[in-house]
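These are the residues of each chain, in order.
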Amino acid sequence: MTDLRENRAGLGIALICIGVFAISVNDLLIKTLADSYPLHQLVFIRTSIALCLSIVILQVEGGARLLRTDRPVLHLIRGLMLVGANMTFFASLAVLPLGVTTALFFVSPLFITLLSVAFLREKVGPLRIGAIVVGFLGVAVMQEPWASNGNDIGWLFLLPMTAAALYSAMVVMTRALGVSSSAAAMTIYNQLTFLGVSALFFILAGQGQFDPGPDRISLHFLFRAWEWPQSTDWSVLFGVGIANGITAYCINAAYKMAPSATIAPFEYIGLPLAIFWGYLVFAEWPTPAVWAGCAMILGAGLFVFLRERQKNKPNPGKRYLSNKR
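Residues numbered from 1 in each chain as written. Predicted model: local features only at pLDDT ≥ 70, side-chain atom pairs only at ≥ 80, totals over all residues. Heavy atoms only, no water.

Along the protein, the regular secondary structure elements total 13 helices and zero strands. Tracing the protein from N to C terminus, the helices and strands come up as α-α-α-α-α-α-α-α-α-α-α-α-α. For the protein, buried positions account for 52% of its 325 residues. A sequence separation of at least 24 residues applies to 85% of the contacts in the protein between residues at least 6 apart. Accessible surface for the protein amounts to roughly 15400 Å². Of this, 68% is attributable to carbon and sulfur atoms. (Helix = DSSP H or I, 4+ residues; strand = E, 2+ residues; numbered from the N terminus. Buried < 20%, exposed > 50% of the residue type's maximum accessible area, 1.4 Å probe, protein only. Contact = heavy atoms within 4.5 Å. Areas by Shrake-Rupley, 256 points an atom, 1.4 Å probe, with all protein chains shown as cover.)

Here helix 12 (residues 270-282) spans 17 Å end to end across 13 residues, near enough to the 18 Å set by a 1.5 Å rise per residue. Ala 283 sits one or two residues past helix 12 and shows a positive phi near 55 degrees. (Expected span 1.5 Å × (residues − 1).)

Structurally, the position occupied by Met 81 is in helix 3 (residues 72-93). A relative accessible area of 23% places Met 81 in the partly exposed class. The sequence separation of Met 81 and Tyr 167 amounts to 86 residues, and the corresponding C-alpha distance is 6.6 Å. Discounting residues that sit within four places of it in the chain, Met 81 has contacts with Leu 166, Ala 169, Met 170 and Met 173.

Applying the stated rule across the entire model yields twelve aromatic pairs. Look at Phe 89 and Phe 90: their rings are 5.7 Å apart centre to centre, the planes differ by 75 degrees, and that puts the pair in the edge-to-face class. Accessibility assignment for this pair places Phe 89 and Phe 90 in one class, buried. Above the ring of Phe 282, the side-chain terminus of Lys 31 is found at 5.3 Å from the ring centroid. The ring of Phe 194 is capped by Arg 46, whose NZ or CZ atom sits 5.4 Å from the centre of that ring. (Phe/Tyr/Trp six-rings, centres within 6.5 Å; stacked < 30°, edge-to-face > 60°. Lys NZ or Arg CZ within 6 Å of the ring centre and 35° of its normal.)

Turning our eyes to something else, we now look at the nonpolar core. Val 107, Met 142, Tyr 167 and Phe 221 are the most contacted members of the largest nonpolar core, which totals 77 residues. Ignoring any residue separated from it by four or fewer positions in sequence, one finds Met 142 in contact with Val 100, Ala 103, Leu 104, Phe 157, Ala 289, Val 290, Gly 293, Cys 294 and Ile 297. Formed by six residues, the second largest nonpolar core is a distinct cluster that contains Leu 51, Leu 58, Ile 188 and Leu 195. (Core = buried A, V, L, I, M, F, W, Y, C linked by side-chain atoms within 4.5 Å.)

Let's shift gears to the side chain of Ser 198. Take Ser 198: it is sitting in helix 8 (residues 183-205). Residue Ser 198 is classed as buried on the basis of its relative accessible area of 0%. Among the polar contacts listed, one links the side chain of Ser 198 to the backbone oxygen of Phe 194, at a separation of 2.8 Å. Apart from residues lying up to four places away in sequence, Ser 198 is in contact with His 40, Val 43, Phe 44 and Trp 226. (Polar contact = N/O pair within 3.5 Å; in protein donor to acceptor, adjacent residues only side chain to side chain.)

Residues Leu 200, Phe 202, Ile 203 and Leu 204 make up a contiguous nonpolar surface patch of about 400 Å² in total accessible area. Considering the arrangement of structural elements, one finds Leu 200 in helix 8. (Patch = residues over 30% accessible without salt bridge, like charges linked within 9 Å, V, L, I, M, F, W, Y side chains within 5 Å. Salt bridge = Lys/Arg side-chain N within 4 Å of Asp/Glu carboxyl O.)

This part covers the packing of helix 3 against helix 4 (residues 98-105). Across the interface, helix 3 lies against helix 4 with an axial gap of 9 Å and an inter-helix angle of 150 degrees. Between helix 3 and helix 4, the angle falls in the class roughly antiparallel. The two elements helix 3 and helix 4 cross, and the hand of that crossing is right-handed. Two secondary-structure elements touch here, helix 3 through Phe 89, Ser 92 and Leu 93 and helix 4 through Leu 98, Thr 101, Thr 102 and Phe 105. For the contact of helix 3 with helix 4, a count of residues per class yields four nonpolar, three polar and no charged. (Axes fitted to C-alpha atoms, helices over the stretch in contact; angles between N-to-C directions. Parallel < 35°, antiparallel > 145°, perpendicular 65-115°, else oblique. Left-handed = near helix turned anticlockwise from the far one by under 90°. Nonpolar A, V, L, I, M, F, W, Y, C, P; charged D, E, K, R; others polar.)

Now the structure itself:
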């Protein structure tokens, strides 16, 4: 039994690493297209491509019968939370450096801990509370409030943090849904929600009637008019769709396969990847304050996960109960 658990944990770690790499490529490609197409159009196209890949994976896992669920409302709520997290995250990508946006999103473990206290009645000791405080102080440090222009874009930091909060709420729901739903099924539920929301955006705002103009970059990215992609962009859009499909399946499968205390720390490879892509493609390099804030956020998040893993370590003769999501 122990060998089986260790093998599944190893496969879960491999899947999360693949998923995080794929999502870093997804974020990079979305940022390169942000000046050309509205976000809801990019979401619609990438999700349509990713859905085709997910249907193939679903057939491998067991076919359409896996889509049956007795909790459709919970799947819908979970999907809407993920849509909201994606929309706010990508809106921030249009104006903030890739590394900064990714670092701010990594406050999600801190939100997960807070939500666990509020909704799952989990007990959190002073050490983890202290780590949460340090993590949010890291966000303040990244804004450089001591600089003359420190508050000019500070409010934009709320976008990736809102994404982190919505993602954290989705993670708590995944813990409840993951027991009876396959990874491919949960991925398809999410993608259908993305298609529905982006199609609704097109119906209500696809002609650009709510576009405030290029001076308001994030809102312009959200509400600009749809336009037919240029032939040179289709390969990029296809790459976004494939990356999205790989990401969605790998992350869902990883968290179903192994305890989150084992899996979640490996999500942090996303930050050096984001900084690497940001420097390589956009010539973005973090300031010393951003480096310091990143270290505080990542250190706090890793401490929370490792502390939870230690607290949940099974004692001899007791049942193994460490699956978090």
